[in-house]
Each structure stands twice: as C-alpha cells, then as structure tokens.
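What follows is each chain in one-letter form.
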Amino acid sequence: MIISSLFRRYLKEQDSVCASHIPGGKFLLYSQSKPLLRIDKANTEDALVWLTYPEVIQYYPQVLSSSILLDVAEDGTPRYSVQVGALPTTTQDKLESTTGATFTDLRLALFMVSWRDAHTLSRANSVLLWNRNNAFCGKCGSPTERNAAGHLRRCSSCNMTHYPSAIPVGIVLVTDPSHQNIVLVRQPRQPPGMYSCIAGFSDVGESLEDTVHREVAEEVGIEVSSVRYVASQHWPFPGSLMAGCFAVAEKQELAIDENELQDARWFSRDEISTAVDRINANPYLRLRGNPSGVLFIPPPGAIAYHLISHWVKGTPVQEIHQHIY
C-alpha cells in the first residue's frame, strides 16, 4: 500500500515518467460520464472493465493525451481513466460486445460495485470532469495546460497552478439519547419509500461539527449534541467528500424544511432493522423502483447505509471504520 501510494505520487509529479507508463497501464473507460461496466458481474471484482493500451487505441486513439492517472494496482501496474466521449454507434457496439460490458449511468453504477470500486469510479469521473471544466484559468481567463497525470493545470499566461479538490459535506445519523430511534429524511427525487441521513455542504469557515449542527437545525428544526465522526466517502455529485457522523438529539417533533425535503421522521430500531434487511435482500431496490412504497435505506455503496446498518447492529463508533474499510 505504501509503495503503491509513493509510486502514484511520483507518477503525478513526473510528467515524463507518467507518460512513459501509459502504454503499459490499464484503463477504465467513460463515455459521457458513464463508466464501462459488466452489469452481469455486479458486486464482484470483475464488474469494472480494465483494458490494456493496445485494446483502448482500437476504439479511441487519443488516449495518450487525454487519460488521467487513477492509482497503482497491487501488482504495480499504473491505472488510468479516459473519457471517450460519444463514440460512433458501430464503435460503441463493438466495444461493448467485445468486453461484455455496457456504458452505465454513474448513479446506478456506484451501487453495482464494491465499496472500493465505487471510490475508484467516483475519483475517475471527478478528475475527468475537473479537467473539462478547468480548461481556462479562473484568475485571468487564459487557457490552461494539464500535466501528464491530469491532476494539475497551469495557466499559459499568468502561470497560476490549479488542482482538483473535493467539496466537504457533512452527513449525520441523528439518534435519541436512548439510541432506540433515529431521524431519517427523504428528498422528492428519491424513489418511494427510501429514507436516508441528513446531509449538507459545509459553508466557508465552518468546522464539520458546525456543518452538522446547522444542517440538522435547518432541515428538521432540532438541536443536536455529541457530534462524532465515523468515516468518509468520496461522492462524484458534484465531487464531494462525505464525512459521516453520529449525533444525539432529544426525541421531539420535527420542523421540516419543505423546500429541501419531502418528509422526515423518527424511526424505531425495529423499523430500521426491517429496512436494512430489505435492502440487503434486494440491493437493486434503489435502482428498480419501489412501487409498494415500503421503507428502505440506501444500498451498501453509500456511506448512509453503513451509518444506519452499524447503528442497528450496535457496533461501537470507534470500530465502525474498520468494518467499512
């Protein structure tokens, strides 16, 4: 792990070395922000499609100048990602047929892979989009030029250097002092029956604790205490670092912000235990819809699932991280 991390840093900083390893690397392809995924291999190690350089250039010859460095595999192979854009129909059909894979909507794909692979998909899409959205300098407006790894862009005029970054988000599971009830919320865009944790972007100058206090107060109108960090997850919409927490509040009536939420409720331990069992039995409930409207929570690809499921299990807060990672 340490050697891979150091090698990745070396590749990010040394353009000539990074470029020289591209022909021997492995590649994860995106088309219009949709990763190439073997749907029939969902939630297995074979879900993501890693192509060699000779395989990729058959479909996208520009890979040498447009790929971004992702990481270094355990065997020491550098892994890259490339956005191929809208391929001609015949080319895309051939690629998907040859690999037995499909370019899949990213929101769906994140719930069809392991926790680790979800982070890989998230990182790849975020860095690819960052490069597309930062073609011009935010300081003077001149064109920027990327380095070989795609993790740095330098202004061609004022020499300002730009780096990709993540937006901090606090996501919190609020429980009552007896730890027998929790607050979950739902947004209008979520499928019927799905409830999740309260979450929101950090304001400038806020600590994580400040964010949690403010978001809970704004969305459901209650005051929390004992905010404790649990674990984090990168999320590619729009490129966020989700910091998962627990917090405590007296069980009381909720004042719902109807501009943000469709509903918010206190749920009992028995209700949530059933909801966890339901998503475990059918991980694709989030994707396929839920006409019955029965309660369920986000699937294992989301940090909200881990906060909620470990609360049900009674896992000590200090031990949850080791169960997730």
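Notes on the structure follow.

This part takes up the packing of aromatic side chains. By the definition in use, this model includes 5 aromatic pairs. Both rings, one in F27 and one in Y53, keep their centres 6.2 Å apart while their planes meet at 45°; by these two values the pair is tilted. Of this pair, F27 sits in strand β1 (residues 26-31) while Y53 sits in helix α3 (residues 53-57), and the two are 26 residues apart along the sequence. Taken individually, F27 and Y53 each receive the classification buried, so the pair is uniform in this respect. Centroid distance W235 to F237: 5.8 Å. Interplanar angle 70°. Geometry classified as edge-to-face. Three or more aromatic residues joined by ring pairs form one cluster here, namely F27, Y53 and Y80.

This next bit is on the layout of surface pockets. Estimated volume of the largest pocket: approximately 1,300 Å³. D71, R116, H119, T120 and R123 are, among the 34 residues lining the largest pocket, the residues nearest its centre. For the lining of the largest pocket, the secondary-structure elements that each account for two or more residues are α1 (2-13), β4 (68-72) and α7 (115-133). The dominant element in the lining of the largest pocket, judged by the number of residues it contributes, is α7, at 12 residues. Across the lining of the largest pocket, the residue classes break down as 14 nonpolar, 11 polar and 9 charged. By volume, the second largest pocket amounts to about 670 Å³. Taken together, 31 residues line the second largest pocket, and the ones lying closest to its centre are Q187, R189, A199, W235 and M242. Secondary structure elements with two or more residues in the lining of the second largest pocket: β10 (167-175), β11 (181-186), β12 (198-201), α8 (208-220), β13 (225-235), β14 (240-248) and α11 (303-313). Ranked by residue count, the leading element in the lining of the second largest pocket is β12, at 4 residues. Residue composition of the lining of the second largest pocket, grouped by class: 18 nonpolar, 6 polar and 7 charged.

Reading the values: the criteria
Residues numbered from 1 in each chain as written. Predicted model: local features only at pLDDT ≥ 70, side-chain atom pairs only at ≥ 80, totals over all residues. Heavy atoms only, no water. Phe/Tyr/Trp six-rings, centres within 6.5 Å; stacked < 30°, edge-to-face > 60°. Helix = DSSP H or I, 4+ residues; strand = E, 2+ residues; numbered from the N terminus. Buried < 20%, exposed > 50% of the residue type's maximum accessible area, 1.4 Å probe, protein only. 1 Å grid on protein atoms, 1.4 Å probe; cavity = no way out; pocket = protein on both sides within 12 Å on 5 of 7 lines; lining within 4 Å. Points joined across faces, edges and corners; volume = space filled by probe spheres on them. Nonpolar A, V, L, I, M, F, W, Y, C, P; charged D, E, K, R; others polar.

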